[in-house]
Amino acid sequence: MRPVSAVVSALSAEARRLVGTDADWKVVGRVFGTELPKAEIDAGPRSCIVVQSAGGGGVGRGARSYLPWRVIRVNIRSYAETPDDADALDYRVYDYMTGFHGLVYMNHQTILRDAVMSGGPLPQRDPDIRWPFVLSVYDVSASPTE
């Protein structure tokens, strides 16, 4: 599993875990890799998360190591119906991304060790679909287990 797919899986699992709680992200089934699917765009603005590879990474802690860790950079866009809702979702994503300590195993194929915010949050509006979103960038330490 590629590191971006592992981040998508980790965020999806956390969203499922929080269903029905006060901290519910309300994005179950709507955490995507690379871009929003057309069917999601057609459904109108609603809470969802998109994870994509970002330029950079490979610097800072763990980048020059003999261990099989790779530091990757990912953009995480938190979409919602309103700018305030997008901001609230971004804060929940931030809490999760910067809060896991130790190792998180995703499908026993990729290990996510930790994540550090490296940019953002930056509130924006998608120029094509006009949905509000907040962009945050993370450096993630990951290692394939294959």
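Before reading further, recall that the structure is shown in the block above.
Everything numeric in this text was worked out from a predicted model, so none of it was measured.

Trainee: Would you mind going over the environment of Val 19 with me for this structure?
Mentor: Counting through the fold element by element, Val 19 comes out in the loop between α1 (3-17) and β1 (31-33). Look past the residues within four positions of Val 19 in its chain and what remains in contact with it is Asp 24 and Val 28.

Trainee: Mind showing me how you'd approach the packing of aromatic side chains here?
Mentor: Each pair of aromatic rings is reported with the distance of its centres and the angle of its planes. What the rule picks out here adds up to three aromatic pairs. Ring geometry for Tyr 79 versus Trp 131: centroids 5.8 Å apart, planes at 80 degrees, classification edge-to-face. Of this pair, Tyr 79 sits in strand β3 (residues 70-79) while Trp 131 sits in the loop between β5 (110-125) and β6 (132-144), and the two are 52 residues apart along the sequence. Each of the two residues, Tyr 79 as well as Trp 131, counts as buried.

Trainee: Where do I start with unusual backbone geometry in this structure?
Mentor: Glycine aside, a negative phi is what most residues show, and trans is what most peptide bonds show. Cis geometry marks the peptide bond from Gly 120 to Pro 121, where omega comes out at 0 degrees. Residue position: Pro 121 is located in strand β5. With a phi angle near 60 degrees, Lys 26 is a residue other than glycine that sits in the positive phi range. Mapping Lys 26 onto the fold places it in the loop between α1 and β1. On the basis of relative accessibility, which here comes to 56%, the residue Lys 26 falls in the exposed class.

Trainee: What should I look at first to understand the nonpolar core in this one?
Mentor: Soluble globular proteins tend to bury their nonpolar side chains together. In this structure, Leu 11, Trp 25, Ile 49, Ile 76 and Met 97 are the most contacted members of the largest nonpolar core, which totals 26 residues. Elements supplying a minimum of two residues to this core: α1, β2 (48-53), β3, α3 (83-99), β5 and β6. In terms of residue count, the dominant contributor to this core is α1 (seven residues). Among the nonpolar cores identified, the runner-up in size contains nine residues, and Leu 36, Cys 48, Phe 133 and Leu 135 belong to it.

Trainee: Sorry, what's going on with a negative patch on the surface here?
Mentor: On the surface, Glu 81, Asp 84, Asp 85 and Asp 87 cluster together into a patch of negative charge. Among the structural elements, Asp 87 can be located in helix α3.

Trainee: Is there a simple way to explain the pairing of β3 in this structure?
Mentor: Sheet faces and side chains relate simply in a regular strand, where the side chains alternate between the two faces. Among the 10 residues in β3, eight count as buried, and that is most of the element. In the sheet, β2 pairs with β3 via six bridges, with the strands oriented antiparallel. By the bridge assignment for β3, Gln 52 is matched with Asn 75.

Trainee: Help me understand the pattern of salt bridges in this model?
Mentor: Inspection of every chain in the model, using the stated rule, returns five salt bridges. Measuring nitrogen to oxygen at the nearest pair gives 2.8 Å for the salt bridge that ties Arg 17 to Glu 14. With Arg 17 and Glu 14 both in helix α1, this residue pair falls three residues apart, about one helical turn. Residue classification places Arg 17 among the exposed positions, given a relative accessible area of 56%. The class of Glu 14 is buried, set by a relative accessible area of 14%. Asp 139 is paired through a salt bridge with Arg 73; the nearest N and O atoms lie 2.7 Å apart. Of this pair, Asp 139 sits in strand β6 while Arg 73 is found in strand β3, placing the two residues 66 residues apart along the sequence. Owing to a relative accessible area of 21%, Arg 73 belongs among the partly exposed residues under this scheme. A single salt-bridge network, built from bridges that share partners, covers Arg 30, Glu 40 and Arg 46.

The rules behind these values
- Residues numbered from 1 in each chain as written.
- Predicted model: local features only at pLDDT ≥ 70, side-chain atom pairs only at ≥ 80, totals over all residues.
- Heavy atoms only, no water.
- Helix = DSSP H or I, 4+ residues; strand = E, 2+ residues; numbered from the N terminus.
- Contact = heavy atoms within 4.5 Å.
- Phe/Tyr/Trp six-rings, centres within 6.5 Å; stacked < 30°, edge-to-face > 60°.
- Buried < 20%, exposed > 50% of the residue type's maximum accessible area, 1.4 Å probe, protein only.
- Core = buried A, V, L, I, M, F, W, Y, C linked by side-chain atoms within 4.5 Å.
- Patch = residues over 30% accessible without salt bridge, like charges linked within 9 Å, V, L, I, M, F, W, Y side chains within 5 Å.
- Areas by Shrake-Rupley, 256 points an atom, 1.4 Å probe, with all protein chains shown as cover.
- Salt bridge = Lys/Arg side-chain N within 4 Å of Asp/Glu carboxyl O.
- Lys, Arg positive; Asp, Glu negative; His and termini not counted.
- Charge placed at Lys NZ, Arg CZ, Asp CG, Glu CD.
- Pairing = 2+ DSSP bridges.

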